[in-house]
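Remarks on the overall topology
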Number of protein chains: 2
Amino acid sequence: MSESTGSEGRAVPPTVLVLDAPAPAPPPRLGALTGRVRIRHTDADGLAGELPGADVLLVWDFLSDAVRHAWPGEGPRPRWVHTASAGVDRLMCPELVASDTVVTNARGVFDQPIAEYVAALVLAMAKDLPRTLALQGERTWLHRESQRIAGTRACVVGSGPIGRAVVRTLKALGITTVLVGRRPRTGVHGPADLDRLLARADWVVCAAPLTEDTRGMFDERRFGVMQPSARFINVGRGPLVVEEDLVAALSKRWIAGAALDVFESEPLPPDSPLWTAPGLLVSPHMSGDTVGWRDELGAQFVKLYAQWEAGRSLSNVVDKKRGYVPGH
Amino acid sequence: MSESTGSEGRAVPPTVLVLDAPAPAPPPRLGALTGRVRIRHTDADGLAGELPGADVLLVWDFLSDAVRHAWPGEGPRPRWVHTASAGVDRLMCPELVASDTVVTNARGVFDQPIAEYVAALVLAMAKDLPRTLALQGERTWLHRESQRIAGTRACVVGSGPIGRAVVRTLKALGITTVLVGRRPRTGVHGPADLDRLLARADWVVCAAPLTEDTRGMFDERRFGVMQPSARFINVGRGPLVVEEDLVAALSKRWIAGAALDVFESEPLPPDSPLWTAPGLLVSPHMSGDTVGWRDELGAQFVKLYAQWEAGRSLSNVVDKKRGYVPGH
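Residues numbered from 1 in each chain as written. Chains lettered and ligands numbered in written order. Predicted model: local features only at pLDDT ≥ 70, side-chain atom pairs only at ≥ 80, totals over all residues. Heavy atoms only, no water.

Under an unreviewed UniProt entry, the name given to chain A is Phosphoglycerate dehydrogenase-like enzyme, and the source organism is Streptomyces spectabilis.

So this is what it looks like as structure tokens:
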């Protein structure tokens, strides 16, 4: 899907409004746009006042819900919104979906980093590294057997570029993988196969977008069909998982372990039971964020801006109703 | 290299002496030899008394130095010694080297498990998992950037089957690898290239056998040529590394981190400074020991025994002077 929304023939350069993250810094690489745009910065509080005057909105603070709350509805508004994230769930509201404003995302930037992160989690759990580190803290030498990963089975849920990158990386390590998406197609199972595939998986990896169809999909029933030896990994979005059901499944040993990089509430509150759930590894939404990621996100916006400026089709256009960029 | 050392035409089955490990159990799978051998078990204390009457010695307690101390020299002795390990360093003594006794090892059993373990360590360090686990213990959410591993460079020292398996696995993850062995050949650099390759490596992986040529090869000078961002991993044998030089290199930040699975003294004593060296991950000599490893080692001995019994060439014959099974 693509849209032609150029700025040719203008006297005044278009206004790009940047919804800045509180920390640590504004987007890099935008210097490439000097003279071609007027860049204005805002935080969540100022967003509603600035949106009507902006041609383009760059959502740099992609963890913010501010756009959803400040979106002007029928009034003057940006014609293009780009978010520096793969997921658009925090952004979307019915008025934005209904409008003719184009939404693009950071498709591509996070695929390989997240695939490596998933491989790191799979190997760490197979080799029992968390316990090794705990024993080292106690100066205790305790030999254990660990697990081979070659020959095990992974079920990857989410057939976008991140899920597909996870599949490629796990396959390279000798893991047998299946991929589950919203609709069955070559190489991708549909939702009807999910429970059967979960029941056979050693590793269940969630890399799905958060939509009304996927919210809460990993719940008591789904953890119940998994093997007692299975490990569950979520690198998608927190609300894909019913967190209390996961804690219960781990406590009752329905599954052997889990790793969450995303949560219903981020940052995870200090009093969350997830911090100490048995066999659960908690990481602070960092799976895709490798050194240079902010530069890549900035450069990606510059590239998309050049398409928009020239009136060409934009890449990475989100299907606003579905909540992700449709693939093959 | 192979030897013909059969038992054809005997009235009494040959005696296989098993040097048992103190725990947890004698070798599995030897039931396949019932009626074909007389199996006797001993511990280190009884070894010297039993060796003269044994045709074959199975060194199941491969962490023991007992064989070296109990070897009978010129007297009656086993004609074949098999060790359930890849390294033979703990076994060898001048009298055994000089004798016509054949020595075989567990070549092949540990290759893929150790390669997976090295990948686990590389990914854990790149993704900063040890710190993530420590922060989880403090219920602290602290987002950090992590490192891509694709496109980084690894220098693998030791060109036997373990080193080559490590290379294959790291390559599958997109890491550029070089392999260093005792002599240069196609795809393998010789020792003359080592320092130059170490200076360019993000990951230095030691999977070399312990011989008089390799003892202490990772010392102050070699850590000094590595990059400040380099990480060092040892899955070979402890004495390949000068441990106090590694602690100093980590403390002075000559290198960014290290992981040791093998040590000069095993189990690592509780008062060792290695437990708390900055950026050092300590694991209890477990890299190759995946579920089922003892069965594989037992089955491997049964297979070699059938070769020996039939007077065929033995597989996995160690070049006793060099201290490993010569490869291509």
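Resuming the write-up.
Helix and strand content of chain A: 10 helices and 11 strands. Since a compact globule built from 328 residues should have a radius of gyration of about 20 Å, the 21 Å found for chain A is in line with a globular shape. For chain A, the C-alpha atoms occupy an extent of roughly 70 × 45 × 35 Å along the three principal directions. Each of the 328 residues in chain A was classed as buried or not, and the buried ones make up 55%. For chain A, the share of sequence-separated contacts (at least 6 apart) that also reach a separation of at least 24 residues comes to 64%. (Helix = DSSP H or I, 4+ residues; strand = E, 2+ residues; numbered from the N terminus. Rg over C-alpha atoms; globule rule 2.2 N^0.38 Å. Buried < 20%, exposed > 50% of the residue type's maximum accessible area, 1.4 Å probe, protein only. Contact = heavy atoms within 4.5 Å.)

Residue and element names in this part refer to chain A. Across all of its chains, the model carries 22 aromatic pairs over all chains by this definition. Centre to centre, the rings of Phe62 and Trp293 are 6.1 Å apart; their planes meet at 75°, and the pair counts as edge-to-face. With Phe62 in the loop between strand 3 (56-59) and helix 2 (66-70) and Trp293 in helix 10 (residues 293-309), this pair connects stretches of sequence that are 231 residues apart. We classify Phe62 as buried; its relative accessible area is 17%. An angle of 45° between the planes, with centres 6.2 Å apart, marks the rings of Phe301 and Tyr305 as tilted. Here Tyr305 and Phe301 lie together in helix 10, a separation of 4 residues that amounts to about one turn. Taken individually, Phe301 and Tyr305 each receive the classification buried, so the pair is uniform in this respect. In this structure an aromatic cluster arises from ring pairing among Trp80, Phe301, Tyr305 and Trp308. (Phe/Tyr/Trp six-rings, centres within 6.5 Å; stacked < 30°, edge-to-face > 60°.)

Glancing now at the relation of the copies chain A and chain B. Superposing chain A onto chain B requires a rotation of 180° together with a translation of 0.0 Å along the rotation axis, leaving an RMSD of 0.0 Å. Viewed as a symmetry operation, the transformation between the two copies matches a two-fold axis. Identified as the residue of chain A closest to the rotation axis by C-alpha distance is A:Ala172, at 2.8 Å. Taken as a fraction of all interface residues of chain A, those also at the interface in chain B reach 100%, which identifies the copy contact as same-surface. (Least-squares fit on C-alpha atoms with pLDDT ≥ 70 in both.)

Attention shifts here to the domain arrangement of chain A. All names here are of chain A. Assigned domains within chain A: domain 1 (4-109 + 291-309) and domain 2 (111-282). A C-alpha centroid distance of 32 Å is found between domain 1 and domain 2. Opposite the 9 residues of domain 1 that make contact, domain 2 presents 8 residues. Taken together, the two surfaces of domain 1 and domain 2 that pack against each other cover about 650 Å², and 43% of this comes from carbon and sulfur. The interface formed by domain 1 and domain 2 holds 1 salt bridge in total. As a salt-bridge pair, Asp89 and Arg237 come within 2.8 Å of each other at their nearest N and O atoms. One can count 1 residue pair in polar contact (both at pLDDT 80 or more) joining domain 1 with domain 2. By residue class, the composition of the side of domain 1 that touches domain 2 is 3 nonpolar, 3 polar and 3 charged. (Domains from an automatic or database assignment. Buried area = accessible area lost by both parts, 1.4 Å probe. Salt bridge = Lys/Arg side-chain N within 4 Å of Asp/Glu carboxyl O. Polar contact = N/O pair within 3.5 Å; in protein donor to acceptor, adjacent residues only side chain to side chain. Nonpolar A, V, L, I, M, F, W, Y, C, P; charged D, E, K, R; others polar.)

Our next topic: the pairing of strand 6 (residues 153-157) of chain B. All names here are of chain B. Buried residues dominate strand 6, accounting for 4 of its 5 residues. Looking at chain direction, strand 6 and strand 7 (residues 176-180) are connected through 5 bridges and run parallel. Each residue of the ladder has a partner; that of Val157, found in strand 7, is Val180. Handedness of the crossover joining strand 6 and strand 7 through helix 6 (residues 161-172) is recorded here as right-handed. Two strands pair when backbone bridges link them, and strand 6 and strand 8 (residues 203-206) are joined in this way by 4 bridges, in the parallel orientation. Across the sheet, Val157 pairs through a bridge with Cys206, a residue of strand 8. (Pairing = 2+ DSSP bridges. Right-handed = clockwise from strand over helix to strand, strands pointing away.)

So, on to the interface of chain A and chain B. Contacts between chain A and chain B engage 54 residues on the former and 54 residues on the latter. Run the count over chain A and chain B and you get 6 salt bridges. A salt bridge links B:Glu145 to A:Arg294; the nearest nitrogen and oxygen atoms lie 3.8 Å apart. Where chain A meets chain B, there are 26 residue pairs in polar contact (both at pLDDT 80 or more). Considering each element in turn, the side of chain A that touches chain B owes the most residues, 9 residues, to helix 4 (residues 111-126) of chain A. Grouping the amino acids of the side of chain A that touches chain B by side-chain chemistry returns 30 nonpolar, 14 polar and 10 charged.

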